[in-house]
Each structure stands twice: as structure tokens, then as C-alpha cells.
Amino acid sequence: MRTARTAAALVAVIALAAGCSGSGGKDDEDKSGDGGGGGKGVGTPRLKIAMVTHSGEGDTFWDIVQSGAKQAARKDNVEFLYSNDKEAKGQAELVQSAIDKKVDGIVVTLAKPEAMKAVLGKAEAAGIPVVTINSGGEFSAGFGALSHIGQDESVAGEAVGDELTERGKKKVLCVIHEQGNVSLEQRCAGVKKTLKGSVENLNVEGTNAPNAQSSISAKLQATKDIDAVVTLGAPIAALSVKAKEDSGSKAEVATFDLNAEVVKRLKAKEVGFAVDQQPYLQGYLAIDELWLYKTNANVLGGGKPVLTGPAIVTEKDVPKLEKYTARGTR
């Protein structure tokens with residue numbers, strides 16, 4: 001995989017630290033079940049850590065994030081509490097609920113950052129450490145978080161623009177499946193910055209698959225010279241492949257994020273390439289960082305974001321990824 005910009009050395013150190021923080025290893029990884037103990041684990045006191053995301057229904061990306069978080073929770077003797085709400089107000093209320101439960105740490109996404117500012121201030125006032133993941137990294141430190149774990153969304157978008165330019169694409173449709181999500185907007189802006197051509201954004205309702213597919217199909221029918229469709233989440237990629245077939249378009253489909261379906265479509269050459277930000281690693285490192293902070297006062301990243309991507313994945317990478325996407329860890 002070609003990495004557009006990574007903190008490879010830092011991630012390697014983090015991975016080593018995570019591996020040394022408990023028994024870990026293949027025995028633990030092969031165990032199934034949700035967070036909350038089990039396995040060999042560590043001998044540190046039991047902790048309770050909440051993760052609150054902006055996920056909508058049916059987004060498999062967050063299943064992979066949870067897989068990583070649950071694995072770290074088993075290893076670190078952590079009770080893992082997950083909740084989500086696609087609406088910013090609802091997400092903020094879930095964070096307040098975690099504060100009321102007096103959790104030992106909170107992992108949160110900042111897709112709509114301003115809605116989270118006040119409640120994260122309350123977490124800080126209550127002495128509850130916070131780690132942000134996935135989105136809104138530029139707001140993380142200002143909101144009092146220990147660190148941010150994820151990819152630089154603008155850089156990821158630029159990497160896609162470069163890749164599409166190399167493939168000779170000139171007119172790109174960028175499909176935004178959650179209006180108002182700053183990270184998704186940054187991705188499309190990044191594509192526009194580096195593509196030697198034009199980019200048009202299309203907003204669809206990501207949680208309504210039939211409507212989203214219909215909207216993409218209608219746009220492809222109306223604008224015949226679109227030669228690439230960029231989706232910002234794995235479930236939308238599958239819808240775009242179907243929309244392409246319905247409309248008779250010849251556009252190439254590319255997507256952000258991986259899951260088993262995307263890898264299958266890469267193999268079939270129905271998707272040209274994908275951008276991997278390693279969601280499993282985001283969930284795993286967030287729980288591990290809070291455990292390290294609570295038990296040893298460690299902070300990852302030195303005040304800078306801990307980057308987990310982006311990396312461009314093509315059909316050539318399928319053989320080494322299939323078994324991991326099948327078990328829900330990539």
C-alpha cells in the first residue's frame with residue numbers, strides 16, 4: 001500500500017507499547033466477545049471507559065472501530081461502554097450521560113465539533129480524560145483532549161486527488177453521506193485541491209440506502225461526462241457501484257474506508273481503489289491510551305495527532321487483506 005502521509009515510526013512505537021501493555025498476542029486476539037474483561041488481561045484496577053461516536057445506522061466502519069476498542073478493553077481490564085447518535089445534540093447528551101456515570105475516560109468523535117465543545121468542557125472539569133478519534137482532529141487540543149487518533153482528512157483527500165489524476169480522471173463526483181460533517185467536507189476539498197480537473201459535491205442521506213443510490217444514479221444519468229465517483233464511506237461505495245450500473249455510467253468508483261464488501265469489489269475491479277485509515281487501530285489505541293494515562297500517566301503523540309492513515313489500497317493488496325476484513329478487523 002502506498003502511504004500518502006504517515007507517522008510510521010510513531011505508530012510502530014505505539015504498537016510496540018500496546019503489545020507490551022498486557023499479555024495480548026494471538027491467544028487474546030483469537031478470543032471473541034465484547035469488551036469487559038475475559039482473556040488473560042492485566043493486573044491493573046478495573047476501569048470504565050465510554051466511547052461516543054456520530055455513527056448512523058448501518059455504518060460498518062464503526063463495527064471495526066469497536067472491534068479494536070473491545071480487544072484493547074479485554075486486555076486492559078476495561079469495561080467498555082459504546083453509544084452513538086448521528087445527531088450532534090444526541091451525541092452531546094450521550095457524552096453527558098457518560099460523565100454522569102463517572103467513567104474513567106471518554107473516547108469521542110468530533111464530526112460536528114461546536115456541538116461537543118461545552119460538554120467536553122464539563123468532562124475536563126470533572127477530571128475525566130478524553131481522547132478524540134476519527135474526525136475533528138484540529139479541534140481536539142482546544143477542547144482539552146489528551147490527543148487525537150486518526151488520519152488527516154485534508155491530506156487523505158489530496159491523496160485521492162493525486163491518484164485520480166494519475167488515472168486520467170477529469171470530472172469527479174464526491175458523495176457526502178452526512179451533511180455538516182467537517183471531516184467529509186475536508187475530504188472532498190482535498191480531492192478538489194489536487195485533482196487536475198473538476199470536482200462536484202453531492203449530498204445524500206447515508207442512512208437511507210435506496211434514496212442515496214437513486215440520487216447518485218440520477219446525477220450520473222444527468223451528467224454523462226463524470227468519469228469518477230468518490231464515496232466517503234464503504235457502505236456508500238456499494239450503492240455507487242449499483243447506481244453506476246443503473247445509469248449506464250462508465251465512471252470509476254473509488255472510496256474512503258475498507259470493509260469486507262469493499263475488498264470483494266476491489267478484487268472484482270468494481271471499485272478502483274480505497275483509502276484505508278485503519279479504524280481498528282483507532283479504537284484499539286484510544287482505549288489503550290486512556291488505560292496508559294490512568295495507570296502510568298502516559299500521553300501519546302507529544303501534543304500532535306497520532307496518524308493511522310491514509311494509505312491507498314488497490315486490488316493488488318486484496319490477498320493480504322481478505323482474512324482481516326472477513327473477521328472485521330480491517
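For the structure itself, look to the data block above.
This part covers the packing of aromatic side chains. One pair of aromatic rings is described through two measures. These are the centre distance and the angle between the planes. Considering all chains together, one arrives at 4 aromatic pairs under this definition. Measuring from centroid to centroid gives 4.9 Å for Phe61 and Trp62, while their planes differ by 75 degrees, and the two rings are edge-to-face. Of the residues examined, Trp62 reaches a relative accessible area of 3% and is grouped as buried. On the numbers, 6.0 Å between centres and 40 degrees between planes, the contact of Phe139 with Phe143 is tilted.

Taken together, the 6 strands give an open sheet; going across it, the order is 3-2-4-5-6-12, and neighbouring strands pair in parallel fashion. Edge positions in the sheet fall to strand 3 (78–84) and strand 12 (306–307), since each of these pairs with one other strand and no more. Bridge count for strand 5 (residues 130–133) against strand 6 (residues 147–150) is 3 bridges, and the pairing is parallel. Note that in strand 6 the partner of Ile133 across the bridge is Ile149. Lying on the sheet, helix 3 (residues 61–76) is in contact with strand 2 (47–53), strand 3 and strand 5; it crosses strand 3 at an angle near 160 degrees.

Below, the discussion takes up the packing of helix 4 (residues 88–100) against helix 5 (residues 117–125). Where helix 4 contacts helix 5, the two axes come as close as 9 Å, and the packing angle between them is 10 degrees. Overall, the two elements helix 4 and helix 5 adopt an arrangement that is roughly parallel. Packed against helix 4, whose contacting residues are Ala92, Val95, Gln96 and Ile99, the element helix 5 presents Val119, Leu120, Lys122 and Ala123 at the interface.

So, about the pattern of salt bridges. By the definition in use, this model includes 15 salt bridges. In this structure, Lys267 engages Glu322 in a salt bridge whose closest nitrogen and oxygen atoms are separated by 3.2 Å. On the criterion of sequence distance, the pair formed by Lys267 in helix 11 (residues 260–267) and Glu322 in helix 13 (residues 318–326) is long-range, its members being 55 residues apart. Residue class for Lys267 comes out exposed when judged on its relative accessible area of 53%.

What counts and how
- Here, residues in each chain are numbered from 1, in the same order as that chain's written sequence.
- Where local features are concerned, this predicted model is filtered to residues with pLDDT of at least 70; where side-chain atom pairs are given and counted, the filter is 80 or more; whole-chain, interface and lining totals use all residues.
- Values reported for side chains reflect all heavy atoms of the structure, with hydrogen atoms and water molecules removed beforehand.
- Only Phe, Tyr and Trp rings are paired, with Trp represented by its six-membered ring, and only when their centres lie within 6.5 Å; those with planes under 30 degrees apart are stacked, over 60 edge-to-face, the remainder tilted.
- Three exposure classes are used, based on accessible area relative to the maximum for each residue type with a 1.4 Å probe and protein chains only: buried under 20%, partly exposed in between, and exposed over 50%.
- Here a strand pair is declared whenever DSSP counts at least two bridges between the two strands.
- By the criteria applied, helices consist of DSSP H or I runs no shorter than four residues and strands consist of E runs no shorter than two, each listed in order from the N terminus.
- Two residues form a contact once any of their heavy atoms are found within 4.5 Å.
- Orientation is described by axes fitted as lines to C-alpha atoms, over the contacting stretch for helices, and by angles from 0 to 180 degrees between their N-to-C directions.
- Here the word oblique covers every angle except those under 35 degrees (roughly parallel), over 145 (roughly antiparallel) and from 65 to 115 (roughly perpendicular).
- We define a salt bridge as a contact between a side-chain nitrogen of Lys or Arg and a carboxyl oxygen of Asp or Glu at a distance within 4 Å.

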